[in-house]
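Residue strings, one per chain:
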Amino acid sequence: MFFRPKTYSARYPQWMVGRPLLYMSSALASLGDAMFGYGQGSIAAAQVQPSFIHRMFGKEVTMAQIQAGQTGVDPFIQAITVACLNLTALLASFIAAYLCDLLGRRMSVRIGGVMYFIAALIQVFAPNLGTLIAGRCIQGLGVGILSMTVPILQCEIAPAHARGLFVSIEYICLNIGYAVSAWVGYGFFFAMPSEISWRGPYIVQAAIALILIFWTFFLPETPRWLAQNGFQKEALITLADLHGAGNVSDPKILATYAEIVAAVEFEAHMGQASWRQLFTQYTRRCVVGITCQMFAQLNGINAILYFLPSNLTRAGFTISRSLLYSGACALVYCSGTIPAMFLIDKFGRRAFLLFGSLALAASLSIVGGLQYYADSLPLGSARVSAADAIFFGVCLYLFFFGATWGPGPWLLGAEIFPLRARAKGMSLSTGTNWLFNFIIAFITPPLFNAINAGYYFVLVGFCIISVIVVWFIYPETAHHTLEDLGEVFGDKVMDDEGHAREQAERSANAIQRERSGLPVITDSEVTLQPSTFTTPAAKDEASTVMKERSSVVTIASDV
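Numbers given to residues run from 1 along each chain, matching the order in which its sequence is written. For this predicted model, a pLDDT threshold of at least 70 governs which residues receive local features, and a threshold of 80 or more governs which side-chain atom pairs are given and counted, while totals over whole chains, interfaces and linings are taken from all residues. Side-chain metrics rest on all non-hydrogen atoms present in the structure, leaving aside hydrogens and water.

Peer 1: What is the right way to read the overall build of the protein chain from this model?
Peer 2: In this description a helix means any DSSP run of H or I spanning at least four residues, a strand means any run of E spanning at least two, and both kinds are numbered starting from the N terminus. Of regular secondary structure, the protein chain possesses 25 helices and zero strands. The buried label applies to any residue whose accessible area, calculated with a 1.4 Å probe on protein chains only, is under 20% of its type's maximum; exposed applies above 50%, and partly exposed to all values in between. Going through the 559 residues of the protein chain one by one, you find that 59% of them count as buried. Here the contacts in the protein chain between residues at least 6 apart in sequence split such that 82% fall between residues at least 24 apart. By definition in these notes, contact holds between two residues if any of their heavy atoms fall within 4.5 Å.

Set out below in structure tokens:
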């Protein structure tokens, strides 16, 4: 197509080749998720500031009124202000499916960063609620693109045995973003009554976006996207630079490259999966991709995070103390991701999600029961002990969510779909996240207003349901390469798939035997083992690259 890149260049410096390039690519691409986490915290902190409430909702309120929950702000208007971002993120996650395949992973990250930067500037200078909502809607477009693209990028550059680690790096960056926003919000709180107390955090948000945009000019494209789009030589070089310290003759690099080329050959004959094929051929994968993100929201995380300072204020803390404790909760949330980084690949996805659902149900039951007790006490010092216990319960919840249902759904959504359906599958999974994110953000203020602590027990019910769904539907995907997950899910074989596989094998065999100076073998000699018929091509490509690397550092490009 017209917009599809014709050339590609790797602009990263050679001293980064190897592990530094791999881990920096993972961490800095994850700034996209860090910005989403930052956005969650900045809007949460703003909602308990008198100057923000006056500017956006036209209500003159005191700190005491905010602490008592008597701001006079319509809970549905408050819900729209928070949730509007999720609707545009939902839209963008589907648009990103096409951007990601057409322009590449790194260009999609760049576009998301630019939109985030524009949105931050609008919110810095927002004179009224309409402008703020417009800024949040644009921010949602950036968040939707980044939340769909970054997990795919992570899975496609990660070694097969460490996909959980790499997506956990992404998720801990999201949590760090939330933690940074919580502490930035707490610091700017002391600038009251100046409006810089809530505008300041958006300035920091714009700076983070600029860092991400800058890094995308050095970020390598994923080897799988390069191979799929005709950049086979560049795919091998990038694979070697990420995993083999630049050695394109490394046997492990050649084996991985052979698998990728085989999958691309096969899927080229099959063509890109349509939305209909996504549901008919990859039915179980779709169910897993949809439900994992659905329960990530219904298990209550954004009911907690979007309104954390408000929830802690409701529990009985002063506003300054609720902002301080929000920062402490954010650090606990970050620490929860550490077990997932090192254990989710070892023990598997199912075990983590099953344990997580039970732990979240227990934590929410503690918080809900304590909130019922706190509501029976008068405002003031009488609530302090109950508020401290609620804070402990929230910390438990955030730790267990950060370790299980936080990174788990993003990992599953990015790894379970084959290359021909990965962008659409991930957009479907991410779109589900944003749909239910919107639902939770929209219903939480009125439900807290209507049933108070009872809302926590509604979330407990969803945690229990998620245990049943994971137990009966989710297969274990750990310890498999992206290319061999079809056997795990038992995909339905389409009528034309067998013919397409045969055609791919014939084509690959003819080309690769010719390159090796051997006669083309007959159909009866063709096997269905990609590693067998692609290795000569991989070695041939490696030989060519080794000759060229001594004199060619980069390949000219405008991408």
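Peer 1: What is the right way to look at the packing of aromatic side chains in this model?
Peer 2: For any pair of aromatic rings, the description rests on two quantities: the centre-to-centre distance and the angle between the ring planes. Aromatic pairing here means that ring centres of Phe, Tyr or Trp (its six-membered ring) are within 6.5 Å. Orientation follows from the plane angle: under 30 degrees is stacked, over 60 is edge-to-face, and everything else is tilted. Across all of its chains, the model carries 21 aromatic pairs by this definition. One aromatic cluster is present, formed by Trp-183, Tyr-186, Phe-189 and Phe-190 through successive ring pairs. Above the ring of Phe-217, the side-chain terminus of Arg-110 is found at 4.0 Å from the ring centroid. Charges are assigned to positions over rings by a cutoff of 6 Å between ring centre and Lys NZ or Arg CZ, combined with an angular limit of 35 degrees from the ring normal. Positioned above the aromatic ring of Trp-471 is the side chain of Arg-350, whose terminal nitrogen or guanidinium carbon lies 5.5 Å from the ring centre.

Peer 1: Sorry if this is basic, but what is going on with empty space enclosed by the protein here?
Peer 2: Take a probe with the size of a water molecule and roll it over the atoms, and the empty space left behind shows itself. With a 1 Å grid spanning the protein atoms alone, the term cavity applies to any set of points in which a 1.4 Å probe fits but cannot get out, the term pocket to an open set with protein on both sides within 12 Å along at least five of seven lines, and the term lining residue to any residue with an atom within 4 Å of a point. Grid points are joined across faces, edges and corners, and a volume is the space filled by probe spheres set on the points. Evaluation of the coordinates by the stated rule reveals three cavities of 30 Å³ or more. In this structure, the largest cavity occupies an estimated 130 Å³ of space. Lining the largest cavity are 18 residues, with Tyr-171, Gln-297, Ile-301, Trp-410 and Asn-433 positioned closest to its centre. Within the residue set of the lining of the largest cavity, elements represented by two or more residues are helix 2 (31-46), helix 8 (163-189), helix 14 (283-298), helix 15 (301-305), helix 20 (407-415) and helix 21 (422-451). Residues that form the lining of the largest cavity fall into these classes: 11 nonpolar, seven polar and no charged. Reported here for the second largest cavity is a volume of approximately 40 Å³. Around the second largest cavity sit Gly-41, Ala-44, Ala-45, Tyr-178, Ala-182, Pro-309, Leu-323 and Ser-326, which together line it. For the lining of the second largest cavity, the secondary structure elements donating two or more residues are helix 2, helix 8 and helix 17 (319-347). It is helix 2 that provides the largest number of residues to the lining of the second largest cavity, a total of three residues. Looking at the lining of the second largest cavity residue by residue, the classes come out as six nonpolar, two polar and no charged. We call Asp, Glu, Lys and Arg charged. Ala, Val, Leu, Ile, Met, Phe, Trp, Tyr, Cys and Pro are nonpolar, and the rest, Gly among them, are polar.

Peer 1: When you look at the environment of Phe-217 in this model, what are you seeing that I'm missing?
Peer 2: Inspection of the secondary structure assignment puts Phe-217 in the loop between helix 9 (196-215) and helix 10 (223-228). In this structure Phe-217 comes out as partly exposed when scored by relative accessible area, which is 36%. Considered as a pair, Phe-217 and Arg-11 are 206 residues apart in the sequence and their alpha carbons are 7.0 Å apart. Excluding anything up to four places from it in sequence, Phe-217 contacts Arg-11 and Arg-110.

Peer 1: Quick question: what am I supposed to make of helix 5 (residues 75-103) here?
Peer 2: Turn by turn, an α-helix covers 3.6 residues, leaving residues three or four places apart pointing in a common direction. Working rule for helices: expected span equals 1.5 Å times residues minus one. With 29 residues, helix 5 should reach 42 Å at 1.5 Å per residue; the first-to-last C-alpha distance of 41 Å fits that figure. To get the bend at any residue, fit one axis to the seven residues that end at it and another to the seven that begin at it, then take the angle between the two axes. At Ala-83, helix 5 shows its maximal bend, which comes to roughly 40°. Whenever a nitrogen or oxygen atom comes within 3.5 Å of another N or O atom, the pair is scored as a polar contact, on the condition that within protein one atom can donate a hydrogen and the other can accept it, and that pairs from neighbouring residues in sequence are kept only if both atoms are in side chains. Measuring from the backbone nitrogen of Phe-76 back to the side-chain oxygen at the start of helix 5 gives 2.8 Å, which picks out Asp-74 as the cap. Just past helix 5, the residue Gly-104 takes up positive phi, approximately 105°.

Peer 1: Explain the nonpolar core to me, please; I cannot follow it from the model alone.
Peer 2: Taken as a class, soluble globular proteins show a tendency for nonpolar side chains to be buried jointly. By size, the foremost hydrophobic cluster in this structure holds 172 residues, and its most contacted members are Leu-398 and Trp-405. With 14 residues, the top contributor of residues to this core is helix 8. Not counting chain neighbours up to four residues away, the residues in contact with Leu-398 comprise Ile-301, Ile-304, Leu-305, Cys-329 and Tyr-333. In these notes, a set of buried Ala, Val, Leu, Ile, Met, Phe, Trp, Tyr and Cys residues joined through side-chain atoms within 4.5 Å is what counts as a nonpolar core.

Peer 1: What should I look at first to understand helix 20 in this one?
Peer 2: Within helix 20, nine of the nine residues are buried, which leaves it mostly tucked inside the rest of the structure. Of all the residues in helix 20, the buried ones are Pro-407, Gly-408, Pro-409, Trp-410, Leu-411, Leu-412, Gly-413, Ala-414 and Glu-415.

Peer 1: What should I look at first to understand unusual backbone geometry in this one?
Peer 2: Most peptide bonds take the trans form, and the phi angle of most residues other than glycine is negative. Between Met-192 and the following residue, Pro-193, the backbone shows a cis peptide bond with an omega angle of 10°. Mapping Pro-193 onto the fold places it in the loop between helix 8 and helix 9. A positive phi angle, close to 55°, is found at Ala-245, a residue other than glycine. By the secondary structure assignment, Ala-245 is in the loop between helix 11 (232-243) and helix 12 (251-270). A residue is classified by how much of its surface remains accessible, and Ala-245, at 61% relative accessible area, is exposed. Of note, the phi angle at Asn-452 is positive, near 50°, even though the residue is not glycine. Judged by relative accessible area, which is 37%, Asn-452 ranks as partly exposed.

Peer 1: Help me understand the pattern of salt bridges, please; the structure alone is not making it clear to me.
Peer 2: Side chains that carry opposite charge are capable of pairing whenever their charged atoms lie near each other. Only one rule defines a salt bridge in this text: a Lys or Arg side-chain nitrogen within 4 Å of an Asp or Glu carboxyl oxygen. Inspection of the entire model under this criterion finds seven salt bridges. Residue Glu-156 pairs with Arg-105 through a salt bridge whose shortest N-O separation is 2.8 Å. One end of the pair, Glu-156, is in helix 7 (residues 129-157); the other, Arg-105, is in helix 6 (residues 105-124), and 51 residues separate them in sequence. Given the relative accessible area of 0%, Arg-105 is considered buried. For Arg-199, the salt bridge identified is with Glu-195, shortest N-O distance 2.9 Å. Given the relative accessible area of 13%, Arg-199 is considered buried. A single network of salt bridges, built from pairs that share partners, joins Asp-101, Arg-105, Glu-156 and Arg-422.

Peer 1: Looking at this structure, how should I read the environment of Ala-206?
Peer 2: Tracing the backbone through its elements, the reader meets Ala-206 in helix 9. Along the backbone, Ala-206 and Ala-119 are 87 residues apart, and their C-alpha atoms lie at a distance of 8.2 Å. Look past the residues within four positions of Ala-206 in its chain and what remains in contact with it is Phe-117, Ala-120 and Leu-121.

Peer 1: Would you explain the confidence of the model for the protein chain in this entry?
Peer 2: Predicted coordinates in regions of low pLDDT should not be interpreted in detail. Mean pLDDT for the protein chain: 81, with 87% of residues reaching 70 or above. The quantity called pLDDT is the predictor's confidence in a given residue, expressed from 0 to 100. Between the elements of the protein chain, mean pLDDT differs from a low of 46, seen in helix 24 (residues 497-515), to a high of 95, seen in helix 22 (residues 454-473). Every residue in residues 493-497 scores below 50 in pLDDT, and together they form seven contacts with partners more than four places removed in sequence or on other chains. Overall, residues 550-559 carries pLDDT values under 50, and its contacts beyond four positions in sequence, including any with other chains, amount to 19 contacts.

Peer 1: For this particular structure, what's the right way to read the side chain of Ser-108?
Peer 2: Positionally, Ser-108 belongs in helix 6. According to the relative accessible area criterion, Ser-108 is buried, its value standing at 0%. Looking at Ser-108, its side chain comes within polar contact range of the main-chain oxygen of Leu-99, at 3.5 Å.

Peer 1: Is there a simple way to think about the state of the cysteines in this case?
Peer 2: Put plainly, a disulfide is one covalent bond tying together the sulfur atoms of two cysteines. For this text, the term disulfide refers to a pair of cysteine sulfurs within 2.5 Å. Per the counting criterion, the structure on display carries zero disulfides. Left without a disulfide partner, Cys-84 is nearest to the cysteine sulfur of Cys-137, which lies 4.2 Å away. Sulfur of Cys-334: no disulfide; nearest cysteine sulfur belongs to Cys-173 and is 9.3 Å away. Given a relative accessible area of 10%, Cys-334 falls into the buried group.

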